[in-house]
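Tertiary structure, described
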Amino acid sequence: MVATLAVPASGQFGMLKKLVPGGINLPTLRKEPISTSLADARWADPTKDGFAPPAPKQPLTALQRTPAGGFILQPGYYSFHDQSYCLHAGTYGPGGGDGYLYAPPLGAAKDAVITIVRNSVQHPEIEQHDIQTLLWAIVARAKLEDLSTEHKAIAAQLLPPRQLAALNRSVMDMVSQGPIADNLPREIRQAMQAEADLRRMLVTPGTSFGELERVAVLAGAAPTGKGSSDVPSGRWSHHPDGYWVRYLPVSYSNTVVELWVPNDAPGAGHEFDPATHIAVPGNTARQRLIQSGRAYKTS
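All of these numbers come straight from a predicted model, not from anything done at the bench. Sequence order as written defines the numbering, with residues in each chain counted from 1. Restriction of local features to residues with pLDDT of at least 70 applies here, the model being predicted, together with a cutoff of 80 or more for giving and counting side-chain atom pairs; totals for whole chains, interfaces and linings are based on all residues. No hydrogens and no water enter the side-chain calculation; it runs on all heavy atoms of the structure.

Quick look at the sheet that holds strand β5 (residues 76–83) now. Strands pair, by our definition, only if DSSP identifies at least two bridges between them. Each helix corresponds to a stretch of at least 4 residues labelled H or I by DSSP, and each strand to a stretch of at least 2 residues labelled E; elements are numbered beginning at the N terminus. A sheet is described by the order of its strands in space; here five strands give the open sequence β3-β5-β12-β11-β10, paired in mixed fashion. Two strands close off the open sheet at either side, each with one partner strand: β3 (57–59) and β10 (237–238). As paired strands, β5 and strand β12 (residues 254–261) are joined by eight bridges and run antiparallel to one another. Bridge pairing links H81 to V256 in β12.

In structure tokens:
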């Protein structure tokens, strides 16, 4: 029997349900650590294209912060240049005028990913590239207990013992078994190969961050990914908590986040927790980026 591959419109590979030709059962191959896709970015507001909030822009850091590193929103127009992180290895970084939309973290390892990014606010001494390395390890389905001594120590600082142990136990349920099938779509094979290369490199002594980055972040001009949508740069998303948010990535590692909280909006008083925000690209060949409550160091 020849069956078809059910790939979501987003082209990002979180819900692979059917058999591919040859009878490979994709649910046994792909249990996504992070499955957030373009289909999950349901709050885009095209009516606000070109909209400039009628208020002076203020730094988000002027707002009261929560113990978890979030911000208590008040009416106004805010901007924050944050540290962002790649959660889709084997894809291209931001660029080309492609816009990004709000979606929440979803997937088998979402709690661990949120915890790492959220707790990083309380650990400014941990370098951004070390946090990114942990996130790539999770996305690539690597056991954190197999990482270098340094990265195991960092993981222990950012994850509680119970969550760390659970992540190490469950990782084998998320690992693809056997070789990557030639009859899978190109985007899926590309991502799976990047994950396999990262798993190998992460446990190879002496692997540099630059080497990991070259595998995870593709260079060159990005093609238009399968299931892409025409999302212009700067499009606002109307967050379900009642405020508007948009993402202006400078690169995969740093993003300018802007928020608009009108005077009569229910968003006032809500917490804006960057660790629960994934910026999803309209071009599915580009990387989804989780946001952080840590300010990007521009110098």
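Anyway, onward from the coordinates.
Close contact between helix α6 (residues 186–202) and helix α7 (residues 209–216) brings their axes to 9 Å; oriented N to C, the two are set at 170°. Classified by the angle their axes make, α6 and α7 are roughly antiparallel. Facing A194, D197, L198, M201 and L202 of α6, the residues of α7 in contact are E211, L212, V215 and A216. As a rule, the C-alpha atoms of each element are fitted with a line to give its axis, helices using only the stretch in contact, and angles between N-to-C directions run from 0 to 180 degrees. Roughly parallel here means an angle under 35 degrees, roughly antiparallel means over 145, roughly perpendicular means 65 to 115, and every remaining angle is called oblique. The contact criterion used is simple: two residues touch if any of their non-hydrogen atoms lie within 4.5 Å.

Now for the pattern of salt bridges. Criterion for a salt bridge: a side-chain nitrogen of Lys or Arg within 4 Å of a carboxyl oxygen of Asp or Glu. On inspection of all chains with the given rule, the structure shows nine salt bridges. Among the ionic pairs, E258 bridges to K57, the shortest N-O distance being 2.9 Å. Taken together, the residues E258 in strand β12 and K57 in strand β3 connect sequence positions 201 residues apart. Throughout, exposure labels follow a simple rule: accessible area from a 1.4 Å probe, protein chains only, divided by the maximum for the residue type, with under 20% read as buried, over 50% as exposed, and the rest as partly exposed. What makes E258 buried here is its relative accessible area of 4%. Residue class for K57 comes out partly exposed when judged on its relative accessible area of 46%. Among the salt bridges present, the one from R246 reaches E258, with a minimum N-O distance of 2.8 Å. Residue R246 is found in strand β11 (residues 244–251), and its partner E258 is found in strand β12; the two are separated by 12 residues along the sequence. Side by side, R246 and E258 carry an identical accessibility label, which is buried.

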